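Listed below are the residues making up each chain.
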Amino acid sequence: SDTDTDVAVIKISTNGLKAATIGNSDRLEIGEWVLAIGAPFGFRLRSTVTAGIVSAIGRNLDIIRNSYGVEDFIQTDAAINPGNSGGALVNLKGEVIGVNTAIATGTGHFVGYGFAIPITLAQKVMDDIITHGRVRRGYLGVSLEPVTAAAADAFGLDRPRGVIAGQVLSGSPAESIGLQAGDIILKIDGQRVNRPNHVQSLIARKHPEDTVSLEVRRKGKTLSLSARLGEKPTDLRTASADRPRPGETEQLGLTVQDITLEIADSIGAEENGEGVIVTHVHRGPARDAGFQDGDIIFHVRQGNIDQDIRSVEDFKIALERLEKGRNAAFSVRGRDRPTFLIIKIPK
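Peer 1: Describe the sheet that holds strand β6 (residues 114-118), with residues and values.
Peer 2: Taken together, 6 strands build a closed barrel; the order of strands is β1-β2-β3-β6-β5-β4 and the barrel is antiparallel. The sheet shows a mean angle of 45° between the axes of neighbouring strands, taken without regard to direction. Where helix α1 (residues 119-132) meets the sheet, its contacts fall on β5 (96-103) and β6, and the angle it forms with β6 comes to roughly 50°.

In structure tokens form, the structure reads like this:
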């Protein structure tokens, strides 16, 4: 089994079984008719078929709770109930295009939303388990964040598109090709990407040593990068921050302080003098954006403004340069934090 996708392979030792025809879930379109096959409510309703349409693709439900969970679900309004999990989602040609796996419900029963694992993803998992006894999954080594309308404004995009590269992990394939935090990944192998989980799914279908091409936007320029994927690490260390003592500088509803040697030791920082630490979040834009005590702000960008933050004075200068009424992206580190938080600078 593979906990990252919630897919298992079962060997059945018998003869005379006819295999289902496998389709291509990458070609699914919203509005396409599908059938869900399964045995809801145990054996009371064995061999049930329900019909519906593809309501959405690429859904991320946050139900696979581990560091490398891959969620790229097909959403359908074909009735799926407890017991349908593992059943086939098929198109009108009878081809399997998904594996029924979850429902969105407040009652425990179907209320209009069912979800299936795309068959192209499930088949890759199956092939790896049968061939290698485990899943050999490609690894790029970068955290990903969506490009919202506010983020598009902050990064100087004409509209929301692509995916923001967040933290680039040390020693990763992403670092080796020079991918940087704040790069906008527009395409992978020529395919447009607009959701972090879509990027994750495309990389997860690759094997270690496979090469992928990336189209990246950086400071108004389009770059072409090529990465040789590594293998998914078995462990990912995440730094956490303890609350430091409050400082004296307030901006945007934030109180920030220089990172002294004492503070660096208390939060496990490797070096002093990189960023300012948030010591208190007041009511205002910063709180609305999701800032928390202990976040470290180390970079600010807005359009052509692209400034490292190494001290409170740097932070003040950056704020003075920012255009009022526009969004700005603040690069942060902290406990379970996104890499970028977006604030609309008050007029």
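Don't stop here, the text continues.
Peer 1: An account of the environment of Arg161 is requested, with residue identities and associated values reported.
Peer 2: Mapped onto the fold, Arg161 is located in the loop between α2 (149-154) and β9 (163-168). Looking at Arg161, the relative accessible area reads 21%, which means it is partly exposed. For the pair Arg161 and Val147, spaced 14 residues apart in sequence, the C-alpha to C-alpha distance is 6.1 Å. If we ignore the near neighbours within four places in the chain, the residues touching Arg161 are Val147, Ile184, Leu186, Asn194 and Arg217.

Peer 1: Please provide a residue-by-residue account of α1, values included.
Peer 2: For α1, spanning 14 residues, the distance from its first C-alpha to its last is 19 Å, which sits close to the expected 20 Å at 1.5 Å a residue. On the buried face of α1, the contacting elements are β5, β6 and α4 (196-204). Phi for Gly133, located one or two positions after α1, is positive at around 80°.

Peer 1: With reference to specific residues and values, describe the environment of His282.
Peer 2: On the secondary structure map, His282 appears in the loop between β17 (276-281) and α6 (285-289). According to the relative accessible area criterion, His282 is partly exposed, its value standing at 21%.

Peer 1: For the confidence of the model for the protein, give the residues involved together with the corresponding values.
Peer 2: For the protein, per-residue confidence averages 82 on the pLDDT scale, and 83% of positions sit at 70 or higher. Confidence, read as mean pLDDT per element, is least for strand β15 (residues 249-251) in the protein (51) and greatest for strand β4 (residues 88-91) (95). Confidence drops under a pLDDT of 50 for residues 235-249, and excluding neighbours within four residues, the segment shows 33 contacts in the predicted structure.

Peer 1: Please give an account of the nonpolar core that cites residues and values.
Peer 2: With 23 residues, the main nonpolar core has Leu254, Val256, Phe291, Ile297, Phe315, Leu322 and Phe330 as its most contacted residues. Mapped by element, the contributors of at least two residues to this core are β16 (254-258), β17, β18 (296-302), α7 (312-321), β20 (327-333) and β21 (340-344). Broken down by element, this core gets its largest block of residues, 4 residues, from α7. Counting residues in hydrophobic clusters, the runner-up holds 19 residues, among them Ala165, Ile177, Leu202 and Val216.

Peer 1: Now, about the packing of aromatic side chains: what can you tell me, with residues and values included?
Peer 2: Evaluated as defined, the whole model comprises 3 aromatic pairs. Here the aromatic rings of Phe291 and Phe330 are separated by 5.9 Å at their centres, their planes lie at 85°, and the arrangement is edge-to-face. With Phe291 in the loop between α6 and β18 and Phe330 in strand β20, this residue pair connects regions lying 39 residues apart in the sequence. We note that Phe291, like Phe330, is buried. Members of the aromatic cluster, each reached through a chain of ring pairs, are Phe291, Phe315 and Phe330. Over the face of the ring belonging to Phe298 we find Arg333, whose NZ or CZ atom lies 4.0 Å from the ring centre.

Peer 1: Mind laying out the pattern of salt bridges, listing which residues take part and the relevant values?
Peer 2: Applying the stated rule across the entire model yields 14 salt bridges. Asp26 is the partner of Arg205 in a salt bridge, and the nearest nitrogen-oxygen pair spans 2.7 Å. Here Arg205 is found in the loop between α4 and β12 (211-218), whereas its partner Asp26 is found in the segment before β1 (33-38), with 179 residues between them in sequence. Here Arg326 ties to Glu323 by a salt bridge, and the two come within 3.7 Å at their closest N and O atoms. Residue classification places Arg326 among the partly exposed residues on the basis of a relative accessible area of 22%. If you follow the salt bridges from partner to partner, you end up with Asp26, Asp72, Arg195 and Arg205 in one network.

Calculation rules
- Residues numbered from 1 in each chain as written.
- Predicted model: local features only at pLDDT ≥ 70, side-chain atom pairs only at ≥ 80, totals over all residues.
- Heavy atoms only, no water.
- Pairing = 2+ DSSP bridges.
- Helix = DSSP H or I, 4+ residues; strand = E, 2+ residues; numbered from the N terminus.
- Axes fitted to C-alpha atoms, helices over the stretch in contact; angles between N-to-C directions.
- Contact = heavy atoms within 4.5 Å.
- Buried < 20%, exposed > 50% of the residue type's maximum accessible area, 1.4 Å probe, protein only.
- Expected span 1.5 Å × (residues − 1).
- pLDDT = per-residue confidence, 0-100.
- Core = buried A, V, L, I, M, F, W, Y, C linked by side-chain atoms within 4.5 Å.
- Phe/Tyr/Trp six-rings, centres within 6.5 Å; stacked < 30°, edge-to-face > 60°.
- Lys NZ or Arg CZ within 6 Å of the ring centre and 35° of its normal.
- Salt bridge = Lys/Arg side-chain N within 4 Å of Asp/Glu carboxyl O.

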